[in-house]
Amino acid sequence: MHDIPRPHDLLWGMTPVQLPADAPAWARQVLAAGQPVVVRRAVVADDQIAIGLRGATREQRFAARMRRESVVSRVSPEQLIARLPDSRLPALLALHRLHPLLDSLGLAWGVTGSVGYQLGSGIAVVSAESDLDLLLRTPTVFSRDEARELQQLLDRAPCRVDLQLETPSGAIALREWAGDSAHVLLKCATGARLIDDPWDQAERAA
Amino acid sequence: METLSFEFPAGQPARGKALVGVVGSGDLEVLLEPGQAGTLAIQVVTSVNGAEQRWQQLFERMFREQTPPALNIDIHDFGATPGVVRLRLEQGLEEVGHD
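Residues numbered from 1 in each chain as written. Chains lettered and ligands numbered in written order. Predicted model: local features only at pLDDT ≥ 70, side-chain atom pairs only at ≥ 80, totals over all residues. Heavy atoms only, no water.

Going by this rule: UniProt positions are given in the numbering used here, feature names are shortened, and annotations may be inferred rather than shown by experiment.
With an unreviewed UniProt entry as reference, chain B is termed Malonate decarboxylase acyl carrier protein, source organism Stutzerimonas azotifigens. Per UniProt, chain B has the following entry under Function (unreviewed entry): "Subunit of malonate decarboxylase, it is an acyl carrier protein to which acetyl and malonyl thioester residues are bound via a 2'-(5''-phosphoribosyl)-3'-dephospho-CoA prosthetic group and turn over during the catalytic mechanism." As recorded by UniProt, the Subcellular location (unreviewed entry) comment attached to chain B reads in full: "Cytoplasm".

Naming follows an unreviewed UniProt entry, where chain A appears as Phosphoribosyl-dephospho-CoA transferase of Stutzerimonas azotifigens. Turning to chain A, the UniProt annotation filed under Function (unreviewed entry) states: "Transfers 2'-(5-triphosphoribosyl)-3'-dephosphocoenzyme-A to the apo-[acyl-carrier-protein] of the malonate decarboxylase to yield holo-[acyl-carrier-protein]."

In structure tokens, the structure reads:
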């Protein structure tokens, strides 16, 4: 496992006193209850980690920073798929069904979003309407043809599946890479930008 | 879910139409079609409630710098950051400009 927390990792150990003064009351409650925070993409000081907090509703999202030294445990999206609970919720059914298919790609993959948060924290945030958010680590080129083939398979799942390709430059949406657009949106620590090829060395350096 | 409508002064109708972006967390889909001369009409369907002012400010900043072509723009937002919204709009405006 990487020593440095990566986007979408769940971290435990942040306390309410680390929140800025303007943080909402629900964010303090989340931390006081011992719930994990989610690593997000942003540039922060070396001794800190950019994180996001999740509350009970979609509007309850708060971006903050956590001190690196206060991390007591960390779970990556890949670790969350080791043991899946029995559930009739479409997002969890989809995860069950896609598991062997994603394993067969031979690349590291994991679950993020509400399903990942629920699997990691035990807090029931997944609803019947929830999408399934996945990430696939693609350190080397994942062609647009491969992307189209994979997207077609994901589209047969019992719920909407959003898969992000984690490239050396940052993350792109599989759905966009599988489409016709010449430029695709790359999400990285310094923000978002439109690029042609996330595996291009020049794009990495940009 | 919330539906918001905005209007801004615009120039002549754009020539082409374009669809940019993707449906997915943190992103948005933007459909741009030629509109009525002088008017830029934007409809936003967003998963994030209570953000009308943020949208208004973002559009104002973008269209103050340069008068946009007359368009009907449909946005489906899935919690994109203002930076991503701006990139997608610029991408769409560039595509309708090329046709």
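1. With respect to the sheet that holds strand β3 (residues 28-34) of chain B
Strand pairs in the sheet, formed through backbone hydrogen bonds, run parallel or antiparallel to each other. Residues and elements named next belong to chain B. Our working rule: Only when DSSP finds a minimum of two bridges between them are two strands counted as paired. Strands are runs of DSSP state E lasting at least two residues, helices are runs of H or I lasting at least four, and both sets are numbered from the N terminus onward. Only the stretch in contact is used when a helix axis is fitted, and all axes are lines through C-alpha atoms; the angle between N-to-C directions ranges over 0 to 180 degrees. The contact criterion used is simple: two residues touch if any of their non-hydrogen atoms lie within 4.5 Å.
Pairing in this open sheet of five strands is mixed, and the strands run β1-β4-β5-β3-β2 from one edge to the other. Single-partner strands in this sheet number two, and they are β1 (2-9) and β2 (18-21). Neighbouring strand axes in the sheet, compared pairwise and without regard to direction, differ in orientation by 15° on average. Looking at chain direction, strand β4 (residues 39-46) and strand β5 (residues 71-77) are connected through seven bridges and run parallel. Bridging from a neighbouring strand, alanine 41 pairs with asparagine 72 of β5. Of the strands in this sheet, β1, β4 and β5 touch helix α1 (residues 52-65), which is tilted by about 25° from β1.

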